[in-house]
Amino acid sequence: MPATIIKVPVIEDIHRAVNKAVEDHKDKDVFVYFYASIDPATGKSWCPDCVTAGPVVEEYFTKVDNAVLVDAPVGDRPKWKDPNHFLRHDTAVKITAVPTLVHWATKSQLVENDCEDLAKLDKFVKRA
């Protein structure tokens, strides 16, 4: 059975969405995938690493049991690049780059091009 996927339409709701995922899926590992939002003009993420990593992460979690993947786009390029973006200073999970995959219970992170490396992704998820 594939991982449960939860979409976060508004990044400012990330904590509420993750807390609900943790509460509703106590028996599963919760992972949060932070990535650059889709640019409406191109239909692709504005972040090249996200364009490459996104399909790898999505496909990987279709084969993972007992996990929840919270899908969390951080915003458009100007919003993310703002040094005051709330995730850059968040006390629960400080995100400094996208893409970033976070194991929520431990706050361990797989960052940038490591997210597209299937061996690293597999090791990260299985270690959780």
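Residues numbered from 1 in each chain as written. Predicted model: local features only at pLDDT ≥ 70, side-chain atom pairs only at ≥ 80, totals over all residues. Heavy atoms only, no water.

Draft legend 1. Structural context of helix 2 (residues 48–61). Given a rise of 1.5 Å per residue, 14 residues ought to cover 20 Å, and the 21 Å separating the end C-alpha atoms of helix 2 matches this to within 8%. At Gly 54, helix 2 is deflected by roughly 30 degrees, the largest bend along its length, and proline Pro 55 occurs up to four residues later in sequence. Elements that come into contact with the buried residues of helix 2 comprise strand 2 (29–35), strand 4 (44–45), strand 5 (67–73), strand 6 (100–103) and helix 4 (118–127). (Helix = DSSP H or I, 4+ residues; strand = E, 2+ residues; numbered from the N terminus. Expected span 1.5 Å × (residues − 1). Bend = angle between axes of the 7 residues up to and from the residue. Contact = heavy atoms within 4.5 Å.)

Draft legend 2. Summary view of the environment of Ala 119. Checked against the element boundaries, Ala 119 lands in helix 4. Judged by relative accessible area, Ala 119 falls into the exposed class, the value being 57%. Sequence separation between Ala 119 and Ile 11 is 108 residues; the distance between their C-alpha atoms is 28 Å. (Buried < 20%, exposed > 50% of the residue type's maximum accessible area, 1.4 Å probe, protein only.)

Draft legend 3. Representation of the packing of aromatic side chains within the structure. This structure, assessed with the given rule, holds four aromatic pairs. When the centroid spacing of 5.3 Å and the interplanar angle of 20 degrees are considered together, the rings of Tyr 33 and Tyr 35 count as stacked. In terms of burial, Tyr 33 and Tyr 35 fall into one category: buried. Look at Tyr 60 and Phe 61: their rings are 5.6 Å apart centre to centre, the planes differ by 80 degrees, and that puts the pair in the edge-to-face class. Just as Tyr 60 is buried, Phe 61 falls in that class too. The structure contains a cluster of three or more aromatic residues connected by ring pairs, namely Phe 31, Tyr 60, Phe 61 and Phe 124. Against the face of Trp 80 rests Arg 88, its NZ or CZ located 4.1 Å from the ring centre. (Phe/Tyr/Trp six-rings, centres within 6.5 Å; stacked < 30°, edge-to-face > 60°. Lys NZ or Arg CZ within 6 Å of the ring centre and 35° of its normal.)

Draft legend 4. Summary view of unusual backbone geometry. Cis geometry is found at the peptide bond from Val 98 to Pro 99, where omega equals -5 degrees. For Lys 107, which is not glycine, the phi torsion reads 65 degrees and is therefore positive. Within the secondary structure layout, Lys 107 lies in the loop between strand 6 and strand 7 (108–111). What makes Lys 107 partly exposed here is its relative accessible area of 32%. One non-glycine residue with positive phi stands out, namely Glu 112, at about 50 degrees.

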